[in-house]
Amino acid sequence: MPLCAKYSILSLYILFFITHSKCDSFDLIAGYLPKSDVSEHLKLDLDQRDFEDFLNKGNFSSASDIYVNGGNSMKSTKIRMADPLVKDFSKGAKVEQGAASGILVTNAEKGDKTLKLGVTSKCVGKFAQNGDETGCFKEDGGPLKIDGMEVGSQISVNLPFRTLTGFSIEAESKMKGQEMFEMYKAYYGVPDYADKFVKAALKGQDETKRVSVPMDFLGKEEIFRIECAKKGSAYWSVWMYVIREMEDAVNDCKSGCEFCNNAPVHAWDEAVAFYTGSLEGKSGDESGKFLYRLAEKRCKNYRTCDGGVSRVNQEILKKFSDGKRKFDQGKCDEVHPIKKEIINLMSIPLIQGTLRYAYKIARGEGSPKEKAEGVAFLGAIIPRLYSCSHTDADTVRQHMWIDGDMKASKDGFKTVKEAFQRNYACMGLKCADIGGHLDDLTDDYSKDFRPCTDGSVPSGQTKMTPVWITSIMVFVTLAYLDFGCH
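None of the values given here were measured: they were computed from a predicted structure.

### Describing the sheet that holds strand β5 (residues 144-146)
Strands sit in the order β6-β5-β2-β3-β4-β1-β7 across an open sheet of seven strands; the sheet is antiparallel. Only two strands of the sheet have a single neighbouring strand rather than two, namely β6 (149-152) and β7 (155-158). Ignoring which end each strand starts from, the neighbouring axes of this sheet average 35 degrees apart. In terms of strand pairing, strand β1 (residues 77-81) meets strand β4 (residues 114-119) through four bridges, oriented antiparallel. Bridging across to β4, Arg80 finds its partner in Thr114.

Structural data, given as structure tokens:
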């Protein structure tokens, strides 16, 4: 092994040892180290996994249930008691009821009748594929105890789960005024455009009266509906909600205040959790279902991986870490450009997906599955294209939307590809960010799908050498000890 490589590996071990021996920390999320507990937020990808599994079996009813009701990602639970507390209990106190356990997430004062807690026992809702309510608090579950003291047995319990549908139907109340949301809302004509798309696909019905862009699924093949529903959930709803969490973090940041931005850092961590999901584990895993995994899939199609990991994910996680550090330093204004760069990077796999299926439709058989995937990817990015060029967006939509026709021009794929390429700069991207599509048989670029050229290197990319890597590890270690352990 070369000496420089040995030093790089040694620096990683030093970083791991120092940070884990001096700080109480949470588990890595695909390489990102959060400063707050987002373990339940991460589990939303289990809903997406169940949603896809049900759909792949043709079980639209169960798929709708998990999509609407959730079951894997629990929010804070509220328990209401018939009798008031006779003493104070501090945040973090242990709450128990039979096999159910949790901790108070807020102080509970004498006279209170409502407790707010995080459930720590296994509690999976009945609509999940592997529902298990043995560790859930129940109204008939017996006496409730706090730190071993019985506080009552007559209770009412609210067990709320995050839901995939909630990310869209609650968008107006949570994202109003946020730039990217307003852009998408304006294009589709409704705030819950993603939910309408998914539900129309699930029901096999047309959604035409309440949207500016018709979503016609009546009479469509099951596989068409399935692909649109799966990708609409992950790449429309979740994509926008990641941005929402970043916007919230920036809006809540207190400038010039070091180590007092715990709330925005938590929102920032939540953005990472929804970008990756629990299935990615500490360093990424092929079972992932959210946006991190999409970037990994597309980089293999477009030769935009670096060291076996997509450049998109490398850059996004680096920028998430940079943003976290800026929050700790109270440098709120410096997070704005980081947020915008992450949004641009998150757009790359959506464009790659759109062009991949435009090519398959134009050059291949154009199966219902391929057409549906083209629709879903296009729908996730076309409002951004439209904000850059109404004409180019309308052209692409004419070729690729639900009842579009790739033969609307002499060479439909070339028309779609060039329409996007004309707007890369407007979307903060370069040709090298997108790359060219590889032929599945030759592992070389398809002859009419090579990377375009604008004299660029990928956005945000710097040539990395082993010496640079080692130096950065030392810097990150020092920065983490300075800012991450207070």
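### Some words on unusual backbone geometry
Backbone geometry places Asp147, a non-glycine residue, at a positive phi of 50 degrees. Its location among the elements puts Asp147 in the loop between β5 and β6. Positive phi, normally seen in glycine, also occurs at Arg303, with a value near 55 degrees. When you line up the elements, Arg303 lands in the loop between α11 (291-302) and β10 (305-306).

### Here's the deal with the side chain of Asn301
Relative to the elements of secondary structure, Asn301 occurs in helix α11. When sequence neighbours within four positions are dropped, the list of residues in contact with Asn301 reads Arg356, Gly436, His437 and Leu438.

### Details of the state of the cysteines
Within this structure, the stated rule accounts for five disulfides. Paired by a disulfide, Cys123 and Cys136 hold their sulfur atoms 1.9 Å apart. Between Cys123 and Cys136, the S-S torsion sits near 105 degrees, and that sign places the bridge as right-handed. Here Cys123 is found in the loop between β4 and β5, whereas its partner Cys136 is found in the loop between β4 and β5, with 13 residues between them in sequence. By the burial criterion, Cys123 is buried, and Cys136 matches it. Across a sulfur-sulfur distance of 2.0 Å, Cys253 and Cys332 are joined as a disulfide pair. Taking the sign of the S-S torsion, -75 degrees for the link of Cys253 and Cys332, the bridge is left-handed. With Cys253 in the loop between α9 (222-252) and α10 (262-276) and Cys332 in the loop between α12 (311-328) and α13 (335-363), this residue pair connects regions lying 79 residues apart in the sequence. Owing to a relative accessible area of 13%, Cys253 belongs among the buried residues under this scheme. By relative accessible area, Cys332 is classed as buried at 5%.

### Notes on α11
In a regular helix each residue adds 1.5 Å, so 12 residues correspond to 16 Å; α11 covers 16 Å between its end C-alpha atoms and thus fits that length. Most of α11 sits inside the fold, with 10 of its 12 residues counted as buried. Restricting attention to buried positions, one finds in α11 the residues Leu291, Tyr292, Arg293, Leu294, Ala295, Glu296, Arg298, Cys299, Asn301 and Tyr302. In the segment just after α11, Arg303 is the residue with positive phi, at about 55 degrees.

### Observations concerning the side chain of Thr77
Looking at the secondary structure, you find Thr77 in strand β1. In this structure, Thr77 is in contact with Leu115, Lys116, Leu117, Val119, Val157, Asn158, Leu159 and Pro160, ignoring residues within four places of it in sequence.

### Quick notes on the packing of aromatic side chains
Following the criterion strictly, the structure yields 25 aromatic pairs and no others. With centroids separated by 3.7 Å and ring planes inclined at 5 degrees, the aromatic side chains of Phe167 and Tyr241 adopt a geometry described as stacked. With Phe167 in helix α5 (residues 166-169) and Tyr241 in helix α9, this residue pair connects regions lying 74 residues apart in the sequence. Given the relative accessible area of 6%, Phe167 is considered buried. Judged by relative accessible area, Tyr241 falls into the buried class, the value being 5%. The lysine or arginine in question, Arg303, covers the ring of Tyr445, its NZ or CZ lying 5.1 Å from the ring centre. Between the NZ or CZ atom of Lys324 and the centre of the ring of Tyr32, over which it lies, the distance is 4.7 Å.

### Let's talk about the pattern of salt bridges
Opposite charge on two side chains allows them to pair when their charged atoms are near. For the structure on display, the rule yields 28 salt bridges. With its nearest N and O atoms 2.6 Å apart, the salt bridge here joins Lys326 to Glu334. According to the relative accessible area criterion, Lys326 is buried, its value standing at 17%. Classification of Glu334 by relative accessible area gives partly exposed; the value is 36%. Here the salt bridges do not stand alone but share partners, grouping Glu227, Lys230, Lys231, Lys369 and Glu373 into one network.

How each quantity is defined
Residues numbered from 1 in each chain as written. Predicted model: local features only at pLDDT ≥ 70, side-chain atom pairs only at ≥ 80, totals over all residues. Heavy atoms only, no water. Pairing = 2+ DSSP bridges. Helix = DSSP H or I, 4+ residues; strand = E, 2+ residues; numbered from the N terminus. Axes fitted to C-alpha atoms, helices over the stretch in contact; angles between N-to-C directions. Contact = heavy atoms within 4.5 Å. Disulfide = S-S within 2.5 Å. Buried < 20%, exposed > 50% of the residue type's maximum accessible area, 1.4 Å probe, protein only. Expected span 1.5 Å × (residues − 1). Phe/Tyr/Trp six-rings, centres within 6.5 Å; stacked < 30°, edge-to-face > 60°. Lys NZ or Arg CZ within 6 Å of the ring centre and 35° of its normal. Salt bridge = Lys/Arg side-chain N within 4 Å of Asp/Glu carboxyl O.

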